[in-house]
Every structure is written in structure tokens, then in C-alpha cells.
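Per-entry structural report
Chain residues, written in single-letter form:
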Amino acid sequence: VVKEKNRMGECPVWEERESALVYVDINSQKVCRWSPLTNEVQSVSVDARVGSVALRQCGGYVIALGTRFAFLDWDTQVVTTILELEQDKPHNRFNDGKVDPKGRFFAGTMAEETAPGVRARRQGALYTLFPDHSVIKQLDQVDISNGLDWSLDHRTFFHIDSLAYAVHAFSYDVHTGKIACPRLLYHLEKEEQMPDGMCIDAEGKLWVACIDGGRVIRIDPETGKRIQTVRLPTSRITSCCFGGKDYSEMYVTSAYDGLDETTLAKEPQAGEIFKITGLGVKGIPQHFYAA
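Remember, predicted model here, so these are calculated numbers, not experimental data. (Residues numbered from 1 in each chain as written. Predicted model: local features only at pLDDT ≥ 70, side-chain atom pairs only at ≥ 80, totals over all residues. Heavy atoms only, no water.)

In this section: the sheet that holds strand β13 (residues 145-150). In space, the 4 strands of this open sheet follow the order β13-β14-β15-β16, with antiparallel pairing throughout. Of all the strands in the sheet, the pair left with one neighbour each is β13 and β16 (178-187). Pairwise comparison of adjacent strand axes, ignoring direction, gives a mean angle of 25° for this sheet. With 4 bridges connecting them, β13 and strand β14 (residues 156-161) associate as antiparallel partners. Paired with D149 across the bridge in β14 is F158. (Pairing = 2+ DSSP bridges. Helix = DSSP H or I, 4+ residues; strand = E, 2+ residues; numbered from the N terminus. Axes fitted to C-alpha atoms, helices over the stretch in contact; angles between N-to-C directions.)

Printed below as a string of C-alpha cells:
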């Protein structure tokens, strides 16, 4: 549905108040907004790689870029830094993020490659930005902090560390925002490749984007089993979210960075954004950062 190609499209968020899909292109350092009504993509350039974007209650967005949390005012394109983190880790940057049911913004970091295939291990962390702008570190020694969401009863937090090739579940205290007691929920099969972004549906099942696996998979957190696979026309599938007027459509982002010329010729839709319909299940609205 979005033909404008992204180097590293990520973190799609359906914004009901604009009837639009908001997302980032990490490597182009842009926050983007696509309107299905006009088919127009608007974007705001920022000064660092931007890993995630989330809706703000009072309008505009909260973003995680470089190693800082910031607000983005869409109309003025002004970025206001809230807090700098990890200044001792020059190769780190923020990656995926999402707002919890109480309006706190969770986002994690990762080490960038210093050369092709070379990356310092366990340099990342997972942080929570509270509405009063205070921050706590939830996890340490993470490789690539990625997809995240909460169970419908708000008692479980789901998180992906991509290089573990797995989805983990944590007990979640919605009152304090703290996570605890990690357990393995699902380990990806070889052909599914590496897990990236993730979202939950209205039945409490998880959808995981498989980067280099060219698919999204649906997992039942109760049984830890994969129950559905949807293949897409390009391999570097990065994230997914539900949207549309009744949240019955799934939007899926992809990337073309990391593909060689031969693969790009075979995958002309790499970097585009796709819409999956007819899944027979709906999503739930995104939460707003409460400040």
C-alpha cells in the first residue's frame, strides 16, 4: 500500500485521530505518516537514527532516536530532547518501542554493526520512560531489543531479543510498570529466521515479523505454538500493527538495506509497506504516552 521504499521501515503505529499510519525509516532518519485517504506520505527528518515512534496523549509523538528520548511536534517539526542515555556507548542506538497500558513508553537499545556482521554483544538494554520523564532500566545485556507488547489482561509483558531468536514472556505489574520472571515463550524455526517487531491481536495472540524470513507468524502465548503464517513478497519483514477504521487490517513494514543487488532484483517490493486483510481477527488501539 505504501510504494515509497524505506531503507529500514519499522515501528508502524495506527493513529486513529489522523486516520493514518505512522512509522519510522531508521536508516533514513525519518518519522513518516501515510494517509490511506490521500495515499500521501509526509515525513520529518531527525538528526539521528530513529528506532521507534509512539502516540502522545496531548498530540504529536514520543520518539526514541540515537540514544535519547524526545518529543516530536509534527506541525512544527521540532524535536525536544527529554533525556540522553548510554552516552558511554557510542555504537549504541535505540530500537523498537511501544507504550504500555498506563501510558509509559518502553524502548530498548542495541549495538550497531561496526563492520558488516560485526557487532558487540549484549550492549543493549530495555528502558521505561514514565509520564514524569523519569526513566528506569528494565533489562540489561540485551543484544537487539526488539518487538514488545502486553497481554490483554496487562499481567504479562512480551519482548524479543532478536539474536536469541525467541519471544520471552515476563510477569508484569501494571501499577509499577516493572517486569520480572522471564520465561521462553517461543523459539523461531530455522526458516522463520530472526524475530523483529511484534503486536498483539484482540484474541490475545501475538504476531511476529520475521526479518529475512519474509513472513509474519501468529503465536498462541498460552501454548507457545505457532498457529498461522502469512508470507510476504519480500524477505526483510520488520514489524506489524493492526489499523484501519475497525483495526481489522494488518500493516507490515519492510526494509531494503541489507539486500544485495541480485536479491533486490528478485524482490522489487523490498522496503514497501503491505496491508494484510481477511485475517478474521482484529487488533486493539495503541496506547498513548501519558504526557
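Moving on, we get to unusual backbone geometry. Within the chain, Q77 stands out as a residue other than glycine whose phi angle is a positive 65°. Position of Q77 among the secondary structure elements: in the loop between β7 (68-73) and β8 (78-84). What makes Q77 partly exposed here is its relative accessible area of 46%. Not every positive phi belongs to a glycine, and E86 is a case in point at roughly 50°. Structurally, E86 can be placed in the loop between β8 and β9 (92-99). Owing to a relative accessible area of 11%, E86 belongs among the buried residues under this scheme. (Buried < 20%, exposed > 50% of the residue type's maximum accessible area, 1.4 Å probe, protein only.)

Attention shifts here to the pattern of salt bridges. For the structure on display, the rule yields 20 salt bridges. With its nearest N and O atoms 3.6 Å apart, the salt bridge here joins K275 to E249. One end of the pair, K275, is in strand β23 (residues 274-276); the other, E249, is in strand β22 (residues 249-254), with 26 residues separating them in the sequence. Note on K275: relative accessible area 37%, which makes it partly exposed. Counted as one network, the salt bridges with shared partners bring together E15, R17, E18 and R33. (Salt bridge = Lys/Arg side-chain N within 4 Å of Asp/Glu carboxyl O.)

Here the focus is the UniProt feature "domain: SMP-30/Gluconolactonase/LRE-like region" (unreviewed entry) in the chain. According to UniProt, the feature "domain: SMP-30/Gluconolactonase/LRE-like region" (unreviewed entry) maps to residues 8-255 in the numbering used here. As a span, residues 8-255 carries 0% helix and 59% strand, and end to end its C-alpha atoms are 4 Å apart. (UniProt positions renumbered as here; feature names shortened; annotations may be inferred.)

Under the feature "binding site: a divalent metal cation" (unreviewed entry), the UniProt entry names E10, N146 and D196. Annotated residues spanning 187 residues; largest pairwise C-alpha distance 10.5 Å, indicating a single compact cluster. Taken from the residues named earlier, the lining of the largest pocket is made up of E10, N146 and D196. Among the secondary structure elements, N146 is positioned in strand β13. When its relative accessible area of 4% is taken as the criterion, N146 is described as buried. Excluding residues within four positions of it along the chain, N146 makes contact with E10, N95, D96, H159, I160, S162, P195, D196 and G197. Take D196: it is sitting in strand β17 (residues 194-200). Ignoring sequence-local partners within four residues, the contact set of D196 consists of E10, N146, G147, I160, S162, V208, A209, I211, I237 and T238. Within the local environment of D196, its side chain forms a polar contact with the side chain of N146, the two groups lying 3.0 Å apart. (1 Å grid on protein atoms, 1.4 Å probe; cavity = no way out; pocket = protein on both sides within 12 Å on 5 of 7 lines; lining within 4 Å. Contact = heavy atoms within 4.5 Å. Polar contact = N/O pair within 3.5 Å; in protein donor to acceptor, adjacent residues only side chain to side chain.)

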